[in-house]
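Fold and contact review
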Amino acid sequence: GAVVSQHPSWVICKSGTSVKIECRSLDFQATTMFWYRQFPKQSLMLMATSNEGSKATYEQGVEKDKFLINHASLTLSTLTVTSAHPEDSSFYICSASPLATVSYEQYFGPGTRLTVT
Amino acid sequence: GENVEQHPSTLSVQEGDSAVIKCTYSDSASNYFPWYKQELGKRPQLIIDIRSNVGEKKDQRIAVTLNKTAKHFSLHITETQPEDSAVYFCAASLTGRRALTFGSGTRLQVQP
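Residues numbered from 1 in each chain as written. Chains lettered and ligands numbered in written order. Predicted model: local features only at pLDDT ≥ 70, side-chain atom pairs only at ≥ 80, totals over all residues. Heavy atoms only, no water.

Tallying secondary structure elements over chain B gives zero helices and eleven strands in all. Listed N to C, the secondary structure of chain B is β-β-β-β-β-β-β-β-β-β-β in terms of helices and strands. Each principal axis of the C-alpha atoms in chain B carries an extent, and together these give about 40 × 30 × 20 Å. Taking all 112 residues of chain B together, the buried fraction comes to 45%. Contacts spanning at least 24 positions in sequence make up 54% of the contacts within chain B whose residues lie at least 6 apart. By element, 45% of the accessible surface of chain B is carried by carbon and sulfur atoms, the whole surface being about 5,600 Å². The distance from the centre of the 13 positive side-chain charges to the centre of the 12 negative ones in chain B is 7 Å. (Helix = DSSP H or I, 4+ residues; strand = E, 2+ residues; numbered from the N terminus. Buried < 20%, exposed > 50% of the residue type's maximum accessible area, 1.4 Å probe, protein only. Contact = heavy atoms within 4.5 Å. Areas by Shrake-Rupley, 256 points an atom, 1.4 Å probe, with all protein chains shown as cover. Lys, Arg positive; Asp, Glu negative; His and termini not counted. Charge placed at Lys NZ, Arg CZ, Asp CG, Glu CD.)

Take a look at the structure:
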């Protein structure tokens, strides 16, 4: 149980275009999902907290107009990278915690590797 | 906000030896401390976690210790095996906020 999927697993896009990444909790509901970014050989950095039915909360330094987050249901959050540039190339990973649990454990998606040419 | 520091950045041990990775955190309101193992291009995998009301937790060859007063926690791997080679991350989350702040990572190499 507690499986999180992401789609696509990898994507190549041209500079200036937009890319949407989906994060789904397959067997549980989550009011909150998290989006992280990981550059090569670096750590995971929290970008934003995605809240079902309300606006996302962005970390300092993350442009909310560039990284659009929509949490339309209890099992789906999307991250859209708008007007992508080569410096946005990274590994994007989402995570979620089951709705009704006392556990703090988060379940991570497999990640999406974005390459902007 | 929370800041997590992790040391060492790289660690090379001989198979069968023990490995210790240390982390410190800045915010005393943090109450959950997981450790993740990440292989290249893969998602982080939880290997062990500890809550702030516990000082130590063990799971077979892996143990974590927490010192709340000093605000540091450590991962101990005994009888290391080549398949333990990976990047390990510590993390912390604040009470009431499940978002994780990660340490910078430790690349562990176990030499056969």
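A few words now on the overall build of chain A. When helices and strands are tallied, chain A shows zero helices and eleven strands. For chain A, the α and β elements follow one another from N to C terminus as β-β-β-β-β-β-β-β-β-β-β. Expected size for 117 residues packed as a compact globule is a radius of gyration near 13 Å; at 13 Å, chain A falls within 12% of this value. Counting only C-alpha atoms, chain A reaches 40 × 25 × 20 Å along its principal axes. (Rg over C-alpha atoms; globule rule 2.2 N^0.38 Å.)

Below, the discussion takes up the sheet that holds strand 6 (residues 56-59) of chain B. All names here are of chain B. If you walk across this open sheet you meet the five strands as 1-3-8-7-6, and the pairing is antiparallel. Each edge of the sheet is formed by a strand with only one pairing partner; in this case those strands are strand 1 (4-7) and strand 6. Neighbouring strand axes in the sheet, compared pairwise and without regard to direction, differ in orientation by 15° on average. (Pairing = 2+ DSSP bridges. Axes fitted to C-alpha atoms, helices over the stretch in contact; angles between N-to-C directions.)

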